[in-house]
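Tertiary structure, described
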Amino acid sequence: MRLNRTQGAAVSAVVLALLFAGGAVTVASADREEAPRTPASASADAGFARDMSVHHQQAVEMSFIVRDRTKDEEVRRLAYDIANTQANQRGMMLGWLDMWGLPKVESGVEPMTWMGMGGSGDTGPLDGALMPGMATNAQLDELRKASGREAEVLYLKLMTEHHRGGVHMAEGCVQKCTVDIERGLAQGMVDAQKSEMALMADMLRKRGA
């Protein structure tokens, strides 16, 4: 079928319009991929990354302390696993903050504010325990002075409480964070630390504690 000039012009106009629309959709899609949404400094994503980095740092510190205070291979192996895992996770979270262009420490904001908690208690942090589950300075000093079975039991008890606080925080991120990869990491923390808490309970029973 042959088209007259008027019909041919109309068809050409429709084709051009469709091509333009398709190009606009492609450009818009590319813009979304190249410019992903960045979490705000006061967001749960940023707050969790900051707070859990601090929480993890103490777990790494306690694990290195007990490795020097006991020769028990079971405890030393657990301590190494915890230190290695949490140091790597801490690096990831600090890396996200860098990528988002956000400060690693936000002055004037208490820990856990992103969860609606506003710190570890109404009276503020207790002897260096900035967040739930964290050991106090006195408890860390006690761990440094202990040795053998005493150090093992103290470490297992302190780390159990530390994990309990960490699980609570990670569950908060699973509920409130919006960055999928961060929510995935938080859920992984929940699963792994609950498993380690069960292992530590068994290790404490074996040591009569």
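Residues numbered from 1 in each chain as written. Predicted model: local features only at pLDDT ≥ 70, side-chain atom pairs only at ≥ 80, totals over all residues. Heavy atoms only, no water.

Some remarks on the nonpolar core
One broad rule of soluble globular proteins: the nonpolar side chains tend to lie buried together. Where we set the bar: Working definition of a nonpolar core: buried Ala, Val, Leu, Ile, Met, Phe, Trp, Tyr and Cys residues. They are joined through side-chain atoms within 4.5 Å. Each residue's exposure class comes from its accessible area (1.4 Å probe, protein chains only) as a fraction of the maximum for that residue type: buried when under 20%, exposed when over 50%, partly exposed otherwise. Numbered from the N terminus, helices here are DSSP runs of H or I no shorter than four residues, and strands are runs of E no shorter than two. Contacts between residues were defined by any pair of non-hydrogen atoms, one from each residue, lying within 4.5 Å.
In this structure, Phe48, Met62, Met93, Tyr155 and Met169 are the most contacted members of the largest nonpolar core, which totals 48 residues. For this core, the elements supplying multiple residues, two or more each, are helix H2 (44–69), helix H3 (73–100), helix H4 (137–145), helix H5 (148–176) and helix H6 (180–206). It is H5 that provides the largest number of residues to this core, a total of 10 residues. Each residue touching Tyr155, except ones within four places of it in the same chain, is listed here: Met62, Ser63, Val66, Val75, Leu78, Ala79, Ile82 and Leu143.

Concerning the layout of surface pockets
We apply this condition: A cavity here means a set of points on a 1 Å grid, drawn over the protein atoms and nothing else, where a 1.4 Å probe fits but cannot get out; a pocket is an open set with protein on both sides within 12 Å along at least five of seven lines, and a residue lines either one if it has an atom within 4 Å of a point. Grid points are joined across faces, edges and corners, and a volume is the space filled by probe spheres set on the points. Nonpolar residues are Ala, Val, Leu, Ile, Met, Phe, Trp, Tyr, Cys and Pro. Charged residues are Asp, Glu, Lys and Arg, and all others, Gly as well, are polar.
Computed from the structure, the largest pocket encloses a volume of approximately 380 Å³. If you list the elements that add at least two residues to the lining of the largest pocket, you get H2 and H3. Looking at the lining of the largest pocket residue by residue, the classes come out as nine nonpolar, six polar and six charged.

Some thoughts on the environment of Gly148
Take Gly148: it is sitting in helix H5. Each C-alpha atom, one on Gly148 and one on Arg69, is 6.3 Å from the other, the two residues being 79 residues apart in sequence. Residue contacts for Gly148: discarding those within four places in its chain leaves Arg69 and Thr70.

Overview of the packing of aromatic side chains
Put simply, the rule is: Stacked, tilted and edge-to-face are the three classes assigned to paired rings of Phe, Tyr and Trp, where Trp is represented by its six-membered ring and a pair needs centres within 6.5 Å; plane angles under 30 degrees give stacked, over 60 edge-to-face, the rest tilted.
Applying the stated rule across the entire model yields two aromatic pairs. Between Phe48 and Trp114, the ring centres sit 5.8 Å apart and the planes meet at 80°, which makes this aromatic pair edge-to-face. With Phe48 in helix H2 and Trp114 in the loop between H3 and H4, this residue pair connects regions lying 66 residues apart in the sequence. The interplanar angle of 20° and the centroid separation of 6.3 Å between the aromatic rings of Trp96 and Trp100 together place this pair among those described as stacked. Residue Trp96 and its partner Trp100 are both found in helix H3; the two are separated by four residues, about one turn of the helix. There is no split in this pair, since Trp96 and Trp100 are both buried.

Re the environment of Met93
Position of Met93 among the secondary structure elements: in helix H3. With a relative accessible area of 0%, Met93 lands in the buried category. Considering only alpha carbons, one finds Met93 and Leu185, 92 residues apart in sequence, at a separation of 9.5 Å.

Some details on the packing of H2 against H6
Packed helix pairs are specified by the crossing angle of their axes together with the interaxial distance, meaning the distance between the axes. Operational definition: To obtain each axis, a line is fitted to C-alpha atoms, and for helices this fit is confined to the stretch in contact; angles are then taken between N-to-C directions over 0 to 180 degrees. What makes a crossing left-handed is the near helix being turned counterclockwise from the far one by less than a right angle; a clockwise turn instead makes it right-handed.
Across the interface, H2 lies against H6 with an axial gap of 11 Å and an inter-helix angle of 35°. Considering the relative orientation of H2 and H6, their crossing is left-handed. Residue-level inspection shows Asp45, Phe48, Ala49, Met52 and His56 of H2 in contact with H6, the latter providing Glu182, Ala186, Met189 and Gln193. Residue composition of the contact of H2 with H6, grouped by class: five nonpolar, two polar and two charged.

Section: the side chain of Asp51
Its location among the elements puts Asp51 in helix H2. Beyond its immediate chain neighbours, meaning those up to four positions away, Asp51 contacts Pro111, Met112, Trp114, Met131 and Met169.

Some remarks on H3
For an α-helix the count is 3.6 residues per turn, leaving residues at separations of three or four pointing the same way. Test applied: Expected helix span is given by 1.5 Å per residue-to-residue step, counting one fewer step than there are residues. Two N or O atoms count as a polar contact when they lie within 3.5 Å, although within protein this holds only if one can serve as hydrogen donor and the other as acceptor, and sequence-adjacent residues are included solely when both atoms are side-chain atoms.
Over its 28 residues, H3 extends 41 Å from the first C-alpha to the last, a length consistent with the 40 Å expected when each residue adds 1.5 Å. Taken residue by residue, H3 has Val75, Leu78, Ala79, Ile82, Ala83, Gln86, Gln89, Met93, Leu94, Trp96, Leu97 and Trp100 as its buried positions. If you follow the buried residues of H3, they end up packed against H2, H5 and H6. N-cap assignment for H3: the residue whose side-chain oxygen lies 3.0 Å from the backbone N of Glu74 is Asp72. A positive backbone phi angle near 70° is found at Gly101, which sits one or two residues after H3.

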